[in-house]
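Architecture at a glance
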Amino acid sequence: MDFRVFITDFLKNIIVRILTLTMILSFAFALSFCQSKNESRGQGPIQFEKRQIASESYEAVEVFDVNNDNKPDIVSGAFWYEGPDFSTKHYMGTPKRYGEYWDDFSTIPIDVNSDGFLDVVTGGWFGKHLRWRENPGNNGEWKEHIFAKTSNIEITRAWDVDGDGVKEIVPNTPHSDLEIFRLTKKGEFTRHRISGINGHGLGFGDINGDGRGDFVMPDGWAEAPNEPFSEKWIYHNVFDFGSASVPILVEDVNGDGLADVIVGQAHGYGLDWYEQKAGKSMESTSWEKHPIDPDNSQFHTMEWADLDGDGRSELITGKRYRAHNGNDPGANDPVGMYYYQWNGESFTKQIISYGPYGEGKGSGLNFCVSDLTGSGRLDIIVAGKDGLCIFYNKGTNP
């Protein structure tokens, strides 16, 4: 055999073996990385056990201790459901009804009169006022007190605007100014105007990283001053979200140290996040849109919470059932509740409940996440025109 041919063939074999070994090692590393990543997120999708609590059609719900027995209760519409099994319901008083709607568009727990029992702040589209429902401390009806006349209220939220540990009442009034209502020690609410017409959609969070909470609206955001109740807020007209969700979430999605924005289309198709791209000033900052779920509609409300206990929050949302009584785009599509996990590059969708009416479960104006059983896992409590349900969080499959 020619020596040069022998050397050539020998080197070729060595190169082929090196390349093969490199490919095997690369594949093994990638597989190990993916397995490690999956293990860090849990061993599989979270399992939920659905339980129907009531067939009532109220669209707001909250979890708090109504009777001071140190057990969480569920409050929705005309009733509160006594924990820990929620089988016993107590009548509170029936809100006014307008067609398919109950004029009870929020359930915010707050001890208004400082008697040691949590009351409820609510309002509605039709009544055009804010009111608090007084917890009697027993099983009697809850007396109502109107404390502010407003325009139509889409939904009311509560955020700690000044950082004093007490949440302020913030109604989303699409046709009038953005105002906040601050509870005083005397059990009264003072009224503070923040900006002009706020449109359909509202969120709260620190947009510019100065340590103060800002308000986010469909066409921009209001920058908080040092003294939020006495100084002027600066408005930045930089968004065009359309008919946006309540809340609009302000979260650092990709972990780059900048606040991003998550917004759903409340009365149309689409769920997106907007990545903040820092400029030399807030005026030159840009926002890059990333779709999350363009194929579903009526993402009217959402929450950001750690469902799987890995220290990272998930996006939880769903379709509001009959938001405009069947007159929205996608109104006749199946209803569902979902959670979305950030995988480092995009959101991965997981289904909590999905299907036609009676099989899938839609949302109302809000839902809440709370550990109802003491398991350390957050359950999901969902009201709506299709009933009141609990989705018990059973954890991930091993």
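This text follows the structure it describes.
First, a word on what this report is: a plain description of the structure on this page. (Residues numbered from 1 in each chain as written. Predicted model: local features only at pLDDT ≥ 70, side-chain atom pairs only at ≥ 80, totals over all residues. Heavy atoms only, no water.)

1. Things to note about the nonpolar core
Counting 19 residues, the largest nonpolar core has Leu202 and Phe215 as the members making the most contacts within it. When residues of this core are traced back to their parent elements, those giving at least two are strand E12 (155–159), strand E14 (177–183) and strand E17 (214–217). In this structure, Ala54, Phe79, Trp102 and Cys368 belong to the second largest nonpolar core, which totals 18 residues. (Core = buried A, V, L, I, M, F, W, Y, C linked by side-chain atoms within 4.5 Å. Buried < 20%, exposed > 50% of the residue type's maximum accessible area, 1.4 Å probe, protein only. Helix = DSSP H or I, 4+ residues; strand = E, 2+ residues; numbered from the N terminus.)

2. Remarks on the sheet that holds strand E2 (residues 62–64)
Strands sit in the order E2-E3-E4-E5 across an open sheet of 4 strands; the sheet is antiparallel. Here the strands that pair on one side only, and so sit at the sheet edges, are E2 and strand E5 (88–91). On average, each strand axis in the sheet is inclined to that of its neighbour by 25°, with strand direction left out of account. The pairing of strand E3 (residues 73–76) with strand E4 (residues 79–82) spans 3 bridges and is classified as antiparallel. Note that in E4 the partner of Val75 across the bridge is Trp80. (Pairing = 2+ DSSP bridges. Axes fitted to C-alpha atoms, helices over the stretch in contact; angles between N-to-C directions.)

3. Considerations on unusual backbone geometry
In this structure, the amide linkage connecting Gly83 to the following residue, Pro84, adopts the cis form with an omega of 15°. Structurally, the position occupied by Pro84 is in the loop between E4 and E5. In this chain, Val246 is followed by Pro247 through a cis amide linkage whose omega measures 10°. Unusually for a residue other than glycine, Lys128 sits at a positive phi of about 55°. Mapped onto the elements, Lys128 comes out in the loop between strand E9 (119–123) and strand E10 (129–134).

4. A word on the packing of aromatic side chains
How two aromatic rings sit relative to each other is given by the distance of their centres and the angle of their planes. One pass over the full model with this rule turns up 22 aromatic pairs. Between the aromatic rings of Tyr98 and Phe126, the centroid separation amounts to 4.5 Å while the plane-to-plane angle is 10°, which identifies the pairing as stacked. With Tyr98 in strand E6 (residues 97–98) and Phe126 in the loop between E9 and E10, this pair connects stretches of sequence that are 28 residues apart. Classification of Tyr98 by relative accessible area gives partly exposed; the value is 33%. What links up through ring pairs into an aromatic cluster is the set Tyr98, Tyr101, Phe105 and Phe126. (Phe/Tyr/Trp six-rings, centres within 6.5 Å; stacked < 30°, edge-to-face > 60°.)

5. Describing the pairing of strand E25 (residues 314–318)
For E25, the tally of buried residues reaches 5 of 5 residues, placing the bulk of the element in the interior. Side chains Glu314, Ile316 and Gly318 project from E25 onto one buried face, and the interleaved Leu315 and Thr317 project onto a second face that is buried too. By the bridge criterion, 4 bridges tie strand E24 (residues 302–305) to E25 in an arrangement that is antiparallel. Looking at E25, one finds that Trp304 is bridged to Leu315.

6. Description of the pattern of salt bridges
Enumeration according to the criterion identifies 17 salt bridges in this entry. Residue Glu59 pairs with Arg320 through a salt bridge whose shortest N-O separation is 2.8 Å. With Glu59 in the loop between strand E1 (46–54) and E2 and Arg320 in the loop between E25 and strand E26 (335–342), the pair connects residues that are 261 residues apart, well separated along the chain. A relative accessible area of 2% places Arg320 in the buried class. As a salt-bridge pair, Lys277 and Glu288 come within 3.5 Å of each other at their nearest N and O atoms. On the criterion of sequence distance, the pair formed by Lys277 in strand E22 (residues 271–277) and Glu288 in strand E23 (residues 286–291) is long-range, its members being 11 residues apart. Owing to a relative accessible area of 33%, Lys277 belongs among the partly exposed residues under this scheme. (Salt bridge = Lys/Arg side-chain N within 4 Å of Asp/Glu carboxyl O.)

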